[in-house]
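Structural characterization, general
Chain by chain, the residues run as shown.
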Amino acid sequence: MSMANITTGWLKKETHGTLRRYERRWVVVSGNSLSYFKKDDNSNPSLGIIDLPGKKIVQNPDTDHGFKFELTDKESSYNFSCETKTEREKWVDAISCISYGPFGGGMFGSSIEVTVKREKLHGGRNVPKIISQCIGYLDNSFRLKENGIFRLPGNEKTVKQLKMEFQEGMEPNLEAKGDTHTIGSLLKLYLRSLPDSVIPSSLYEDFVAIILTYELNQQEGLNELRYLINRIPCSAYNCIRRLCEFLFKVQTYSDSNRMDLNNLAIVFSPTILKNNSGNLDLEMRDIQKLKKVTEMMILNHEILFPADKEEEDQEDLDLENIDPDELKNLFTVKMIKYQVQSREILTKDKEIAALRAQLAQSQQTVEQHERTIIEQQNKLDHLGGCVQRLELQDQDNELTIT
């Protein structure tokens, strides 16, 4: 269903008009848009194209007619239906990477490199915020001692809620909503959602081969491992360094949490390094080697991942050699960011203008009230003068009578 950055497959799309019904369409998600066709050969012009950045994704209640989701914004709405819940989750993840990515979200299903680039536009650092925040939450002695950390599952409903909040670019309050097992499950879910393992699968065979060298000579094996680690892209390097550093700390509490080095390697090795060939026999053959490599990286993280590597500056963007689609995406992200900022400024200007109009109206009302008070005061003064003259006239009359 997914090829590179393209997602294709059959979906049912709701038609527009008076008689609404769902019709089967071949859907292609590529670049920043979703296109739908009548046939799956893409030979004919598309029936429609939907621009995805900025679209909100709503998963509608499940019915007997399928598992539905909606793409919507202030101007339009598109409804789709999938055959299974798993299929819907795959489509939602693929679309949300594009829809929410420009706004600091969309990390589930996106590569680490893409996520780091996007988040840096919003003040992010060298590690995806979901990794930093999950580890930051778990990194205290009380939670590190929790029995079965990373082994026991968390609350499934809360995990899904937190996933969607991160995906939409929000800032979830982990302290208020999470617990040790829920946040541990969220971190594992994110790592499983990566299109590739943390260490690129292109290095799979090289890493697996290290075990033979390590068994013959441990120091030489570590030297080869260090050389391979230096070949990992910077964003992936920073993530694996942060994970191994934290997992080393977790295993120091193994007397309490029952998660020693071996158990942690069993849990994390499939996401740290995997073979994307789909060959199950190969995966079963290498499972112990992958676990051993993971143990080596956790145990020797200080040697293998120097702290200063994380502080290295990223190279400037090479506009001559960058892939055109990637360049287009970067410019699209910038453009959408500026459009959002412009809309926010216009909205604030309208709010200020409305407040000024209210203030001017209030000032007019106050001035009118002041004039009314002055008029009433003048009337009272006039009446007071009349009363005073009458009193003087009464006194004169009494004197005359006397």
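As shown above, the structure is provided for reference.
Let us look at the structure shown here. (Residues numbered from 1 in each chain as written. Predicted model: local features only at pLDDT ≥ 70, side-chain atom pairs only at ≥ 80, totals over all residues. Heavy atoms only, no water.)

What follows is about the overall build of the chain. What the chain contains, in helices and strands, is 15 helices and 8 strands. Buried positions account for 41% of the 402 residues belonging to the chain. A sequence separation of at least 24 residues applies to 60% of the contacts in the chain between residues at least 6 apart. On the chain, roughly 23800 Å² of surface is accessible, and the fraction owed to carbon and sulfur atoms is 51%. (Helix = DSSP H or I, 4+ residues; strand = E, 2+ residues; numbered from the N terminus. Buried < 20%, exposed > 50% of the residue type's maximum accessible area, 1.4 Å probe, protein only. Contact = heavy atoms within 4.5 Å. Areas by Shrake-Rupley, 256 points an atom, 1.4 Å probe, with all protein chains shown as cover.)

Mapped onto the secondary structure, Leu162 falls in helix α5 (residues 156-167). Through-space distance from the C-alpha of Leu162 to that of Leu174 is 8.2 Å; in sequence the pair is 12 residues apart. In this view, Leu162 contacts Pro172, Leu174, Lys177, Thr182, Ile183 and Leu186; residues no more than four positions away in its chain are not counted.

The next subject is the packing of helix α1 (residues 85-99) against α5. Packing of α1 against α5 brings their axes to within 11 Å, and their N-to-C directions diverge by 25 degrees. By the angle between their axes, α1 is roughly parallel relative to α5. Side by side, α1 and α5 meet where Glu89, Asp93, Ser96 and Cys97 of the first sit next to Lys160, Lys163 and Gln167 of the second. Here the contact of α1 with α5 is composed, by residue class, of 1 nonpolar, 2 polar and 4 charged. (Axes fitted to C-alpha atoms, helices over the stretch in contact; angles between N-to-C directions. Parallel < 35°, antiparallel > 145°, perpendicular 65-115°, else oblique. Nonpolar A, V, L, I, M, F, W, Y, C, P; charged D, E, K, R; others polar.)

Let us now look at the pairing of strand β5 (residues 48-51). In β5, alternate side chains face the same way, and those of Gly48 and Ile50 are buried while those of Ile49 and Asp51 on the opposite face are not. In this structure, strand β4 (residues 33-37) lies alongside β5, joined through 4 bridges in antiparallel fashion. Of the residues in β5, the one forming a bridge with Tyr36 is Gly48. (Pairing = 2+ DSSP bridges.)

Within the element layout of this structure, Thr86 appears in helix α1. Judged by its relative accessible area of 49%, Thr86 is partly exposed. Sequence separation between Thr86 and Phe67 is 19 residues, and the spatial gap between their C-alpha atoms is 9.3 Å.

This part takes up helix α8 (residues 204-216). Note that an α-helix has 3.6 residues per turn; residues three or four places apart therefore point the same way. Within α8, the full set of buried residues consists of Tyr204, Phe207, Val208, Ile210, Ile211, Thr213 and Tyr214. Looking at the packing, one finds that the buried side of α8 touches α9 (218-229) and α13 (280-299).

Let's shift gears to the packing of aromatic side chains. Summed over all chains, the structure comprises 6 aromatic pairs. On the basis of an interplanar angle of 85 degrees and a centroid distance of 5.7 Å, the ring pair of Phe108 and Tyr190 is categorised as edge-to-face. Of the two residues, Phe108 sits in the loop between α1 and α2 (112-120) while Tyr190 sits in helix α7 (residues 180-193), which places them 82 residues apart along the sequence. Residue Phe108 shares its accessibility class with Tyr190, and that shared class is buried. Members of the aromatic cluster, connected to one another through ring pairs, are Phe150, Phe246 and Phe268. In this arrangement the basic side chain of Arg24 is found over the ring face of Trp10, its NZ or CZ atom lying 4.1 Å from the centre. (Phe/Tyr/Trp six-rings, centres within 6.5 Å; stacked < 30°, edge-to-face > 60°. Lys NZ or Arg CZ within 6 Å of the ring centre and 35° of its normal.)

What follows covers the pattern of salt bridges. Here the structure, examined in full by the defined rule, presents 16 salt bridges. Taking the shortest distance from any N to any O, the salt bridge between Glu168 and Lys56 comes out at 3.8 Å. Of this pair, Glu168 sits in the loop between α5 and α6 (174-177) while Lys56 sits in strand β6 (residues 56-59); the two residues are 112 residues apart in sequence, bridging distant segments of the chain. Judged by relative accessible area, which is 40%, Lys56 ranks as partly exposed. As a salt-bridge pair, Lys117 and Glu113 come within 3.8 Å of each other at their nearest N and O atoms. Residue Lys117 and its partner Glu113 are located together in helix α2, separated by 4 residues, close to a single helical turn. (Salt bridge = Lys/Arg side-chain N within 4 Å of Asp/Glu carboxyl O.)

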